Amino acid sequence: MKFGKILLSFCILPLIISAQEKKVTSYVNTFIGTGPVDGNSLSGNNFPGAAVPFGMIQLSPDTKDVPDWNAASGYDYNDKTIAGFSHTHLSGTGAADFFDLLLMPTTGKIFTTAGDEKHTASGYRSRFSHDQESARPGYYEVKLLDYDVNVELTATTHAGFHRYTYPKNSNGHVVLDLNHTLNKSSWSTKIIQSQIRVVDQHTIEGFRILTGWAKLRKVYFRAEFSKPILKTLIVNGDKEYENEPLVNGSDLRAVFDIDTRDGEPLLLKVGISAVSNENAKNNLQTEISDWNFDRTVTQADLLWEKELSKIIVEGSAKKKEIFYTSLYHAFLQPNTMSDVNGDYIGTDDVTRNSKDGVFYSTFSLWDTYRAAHPLYTLVQQKRSTAFIRSLLSQYDTYGYLPIWQLWGQENYCMIGNHSIPVLVDAILKGIEGIDIERAYEAIKRSSMISHLNSPFRIWEKYHYIPEDLQTQSVSITLEMAYDDWCVAQLAKKLGKTEDYTYFLNRSSYYKNLYDPKIKFFRGKNSDGKWIEPFDPLKYGSNGGNPFTEGNAWQYFWYVPQDINGLITLTGGKQKFAEKLDKFFTLEGGPEATNNNASGFIGQYAHGNEPSHHVSYLYNYVGQPWKTQFYTAKIVNELYTNSHAGYPGNEDCGQMSSWYVFSSMGFYPVNPANGIYAIGSPSFESAEIHMENKKTFKITAKGLSDQAVYIQSVKLNGKAYPYTYLLHKDIVNGGQMEFVMGNKPNKNWGVKLNDRIPDQIN
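Residues numbered from 1 in each chain as written. Predicted model: local features only at pLDDT ≥ 70, side-chain atom pairs only at ≥ 80, totals over all residues. Heavy atoms only, no water.

A. Representation of the sheet that holds strand β17 (residues 246-249). Read from one edge to the other, the open sheet built from nine strands follows the order β7-β8-β9-β10-β19-β14-β13-β12-β17, with strand pairing classed as antiparallel. The sheet is open, and its two edges are formed by β7 (133-136) and β17, each paired on a single side. Across this sheet, the average inter-strand angle for adjacent strands is 15°, counted without regard to direction. Pairing geometry for β7 and strand β8 (residues 139-144), over four bridges, is antiparallel. Paired with Arg136 across the strands is Tyr139, a residue of β8. Relative to the sheet, helix α3 (residues 293-308) contacts β7, β8, β9 (149-155), β10 (159-165) and β19 (266-273), its axis offset from that of β9 by approximately 50°. (Pairing = 2+ DSSP bridges. Helix = DSSP H or I, 4+ residues; strand = E, 2+ residues; numbered from the N terminus. Axes fitted to C-alpha atoms, helices over the stretch in contact; angles between N-to-C directions. Contact = heavy atoms within 4.5 Å.)

Quick look at the structure:
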């Protein structure tokens, strides 16, 4: 059941089958990013289980009894046992949550002493081997060695489908754990209330209401068994209930006995909803109306094939594996939160209906606004409309746009309000179906009403954020300045001249924390005095320091709205280039970093988002060959096809989207201005197929692992001397042709390209 054997299933045609005829799903390796090389490194925090694009369900094994920060997806490739299979997971995040409805098939004796650890599904954990584990998009399989049970999983948008093959003549059981959560010492996590109800011999349903990283989550479920339940044992804490039809409590587990002596598989379907049991039932019956497991697997594969085929690349098998797995991870979220009938729960805990489309949540915006959402505006335009409407729905009920939204709830993770660039980018790119005036109202008010880590009254009084009044002050100053620039651009488009002037002025406040003596941004208190001592290598985490998950070196470059202004502050192009050179070569001791710092090239830390645009900044100072060198180095060395394939947390598609863009040869340095900086393409060809039926094709002649330098470029058959590409050039369709070489051409992109514009005029 190794991954390679899965690939063989697509090779039933003659052996002369060409690479172009292989399904793109065959290149996805869902084990990439599922476990670090050692306990002190980051690898992605991804899960390998079954899901469909942007679905509510992520049905995957949990190798942790109590998942926490070090394995936020619940699965660590280095673990040797599985605790069970839960239906919801986060992909690549640095913090854990979800893990709803853990199921575990077992055989043998059931312990009945109340309070015994065997009453938990994780108490029934089993050994497993990667030799008997496999996965592909929409499907997961593993052998539970302690029970000799083969587990297969697949999914639809709202439902999980299990197939358990027990050994013949066995006493089979299914364990359900409603108390399985992230570590309850994190985010004050607890189960508020839960219920298990036995509807009939083939059906159970219930719910759990809990608090965690998302402060209030309601999860309703309906599970249907293909074989009758012979006996039920439900345990609530230290009390047990045998064959009772209903039990309420805050510590619920259950064991269901099934006759598995015939050796025929047990099929189990589970539908979920955030609204009601009735909606969970409707979701299940709508999406999995029969017991055809294999057909559901095929349907999931077809959904993935359709989505992943929006970009077709040609190159080595290894690079295609990394590329399509990255695209796969980018399309796992945001997650559908509305039911098949359109119902969803708002931030005010009121049921609403998304009559105009699907309601989505899981918006890791501090990460994803940089590259994931710009990627969606290229190849997920209709979904981008729904994403925008979903973000706006929080404004309607909560008063401002999301910062980090999870299960429809605001959790305030990270800083700034980066819904703003997501909305502005989509509107300026002409994404259809957005009420622009309503969006502008939400954007403006979200930039004026103070909220956690966004103290606008302090911002307006001091024209910077003082550290003694708001920690993480330098990072917040820089990020709020960028958001303000985005507001200004939309105000300009709408002819709101006064607002444009106001927010454009605010976007320049970043300069007030620049110290020209030491040439860094640094913390300042409300008395106007710099904070001493200052060490540009000292890391901040998420409070107690002027910098957020980074240091002064990494945040120095965060002025994406005004790179040319930053160059001027630094002392001109030559000084700026020299500082970039030092940035990529300056080593810092491991004691200077924190857990979010990884993927180092000098002080460049690709494992966390503040560095993601920096390798492209050489383009702004007439040294594009250095951008080509470093972007190729990052693509080729920091991304692999192993289980430790990412240089840091994958972060809901951002780390993957960086690779998707950069391996095609360009990247949105300013994710809201419609301009992409050109780097170094990694594929002989890449075709972007857009919803407007247009195709943009990129070719790279002479490309090799050493030939990473651009010699010349043509756009639509004409010589192209610029180190940037416009969004409109892509969506209108066309072809960009690179000629590559193993030595820099220091003439291309320099003579006729004095500077990359900060915005499209």
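B. View of helix α7 (residues 381-398). If you check α7, its first and last C-alpha atoms are 26 Å apart, about what 18 residues at 1.5 Å a residue would give, namely 26 Å. Taken residue by residue, α7 has Gln381, Ser384, Thr385, Ala386, Phe387, Ile388, Ser390, Leu391, Leu392, Ser393, Gln394 and Tyr395 as its buried positions. Of the residues flanking the end of α7, it is Gly399, one or two places downstream, whose phi is positive at about 100°. (Expected span 1.5 Å × (residues − 1). Buried < 20%, exposed > 50% of the residue type's maximum accessible area, 1.4 Å probe, protein only.)

C. Molecular detail of the sheet that holds strand β20 (residues 311-314). Strand order in this open sheet of six strands is β20-β33-β34-β38-β35-β36, and the pairing throughout is mixed. At either margin of the open sheet sits one strand with a lone partner, and together these are β20 and β36 (718-719). Alignment of strand β34 (residues 695-701) against strand β38 (residues 734-741), held across six bridges, turns out to be parallel. Directly across from Thr699, in β38, lies its bridge partner Glu737.

D. Seen up close, the packing of α7 against helix α8 (residues 419-428). Following both chains from N to C, one finds α7 and α8 inclined at 135°, their axes separated by 10 Å at the closest point. Of the possible angle classes, the one that applies to α7 and α8 is oblique. Here the hand of the crossing between α7 and α8 comes out left-handed. Taking contact as the criterion, the partners of Ile388, Leu391 and Leu392 in α7 are, on α8, Ser419, Val422, Leu423 and Ala426. (Parallel < 35°, antiparallel > 145°, perpendicular 65-115°, else oblique. Left-handed = near helix turned anticlockwise from the far one by under 90°.)

E. View of helix α4 (residues 317-330). Here α4 spans 20 Å end to end across 14 residues, near enough to the 20 Å set by a 1.5 Å rise per residue. With 12 of 14 residues buried, α4 lies mostly within the body of the structure. Among all positions in α4, only Lys319, Lys320, Glu321, Ile322, Phe323, Tyr324, Thr325, Ser326, Leu327, Tyr328, His329 and Ala330 are buried. Of the surrounding secondary structure, the elements contacted by the buried residues of α4 are α3, β20, α6 (372-379), α16 (624-637) and α17 (654-664).

F. Broad picture of the pattern of salt bridges. Enumeration according to the criterion identifies 36 salt bridges in this entry. Residues Asp301 and Lys23 are paired through a salt bridge, measuring 2.2 Å at the closest nitrogen-oxygen approach. Here the residue Asp301 occupies a position in helix α3, and Lys23 occupies one in the loop between α1 (3-8) and β1 (50-51), the gap between them amounting to 278 residues. Lys23 sits in the partly exposed class, given a relative accessible area of 26%. We note a salt bridge from Lys310 to Glu307, for which the minimum N-O separation is 3.0 Å. (Salt bridge = Lys/Arg side-chain N within 4 Å of Asp/Glu carboxyl O.)

G. Structural detail: the packing of aromatic side chains. A full pass over the atoms with the stated rule returns 60 aromatic pairs. Their ring planes at 40° and their centres at 5.8 Å tell us that Phe521 and Phe556 sit as a pair that is tilted. Residue Phe521 is found in strand β28 (residues 520-521), and its partner Phe556 is found in the loop between α13 (552-555) and α14 (563-570); the two are separated by 35 residues along the sequence. Per residue, the accessibility class of Phe521 equals that of Phe556, and both read buried. In this structure, Arg370 is placed above the aromatic ring of Trp366, and the distance from its NZ or CZ to the ring centre is 4.7 Å. For the cation-ring pair, Lys524 lies above Trp530, with the distance from its terminal atom to the ring centre recorded as 4.5 Å. (Phe/Tyr/Trp six-rings, centres within 6.5 Å; stacked < 30°, edge-to-face > 60°. Lys NZ or Arg CZ within 6 Å of the ring centre and 35° of its normal.)

H. Region of interest: the pairing of strand β12 (residues 190-200). As paired elements, β12 and strand β13 (residues 203-211) share nine bridges and run antiparallel to each other. Bridging across to β13, Lys190 finds its partner in Thr211. With antiparallel pairing between neighbouring strands as the criterion, β12 and β13 make up a hairpin whose turn holds two residues. Where β12 and β17 come together, four bridges link them in antiparallel fashion. Counted as the bridge partner of Ile196 is Val247 from β17.

I. Structural detail: the nonpolar core. With 201 residues, the main nonpolar core has Phe85 and Phe323 as its most contacted residues. Counting residues per element, this core draws most heavily on helix α11 (residues 473-493), which supplies 12 residues. The contacts of Phe323, once residues within four sequence positions are left out, are Ile311, Val313, Tyr659, Val660, Ser663, Met664 and Phe683. Core analysis: the next-biggest nonpolar cluster, separate from the first, contains eight residues, Tyr139, Leu284, Ile288 and Phe293 among them. (Core = buried A, V, L, I, M, F, W, Y, C linked by side-chain atoms within 4.5 Å.)

J. Just the pairing of strand β14 (residues 217-225), in detail. Most of β14 sits out of view: eight of its nine residues are buried. The sheet contact formed by β13 and β14 spans eight bridges and is antiparallel. Paired with Ile204 across the bridge in β14 is Ala223. Bridge count between β14 and β19: six bridges; the pairing is antiparallel. Bridge assignment links Tyr220 to a residue of β19, and that residue is Ser273.

K. Region of interest: the packing of α6 against α7. Relative orientation of the contacting elements α6 and α7 amounts to 130°, with a least axis distance of 6 Å. The angle between the axes of α6 and α7 places the two elements in the oblique class. Note on element contacts: α7 touches α6 through Gln381, Ser384 and Phe387, opposite His373, Tyr376, Thr377, Leu378 and Val379. Partitioning the contact of α6 with α7 into residue classes produces four nonpolar, four polar and no charged. (Nonpolar A, V, L, I, M, F, W, Y, C, P; charged D, E, K, R; others polar.)

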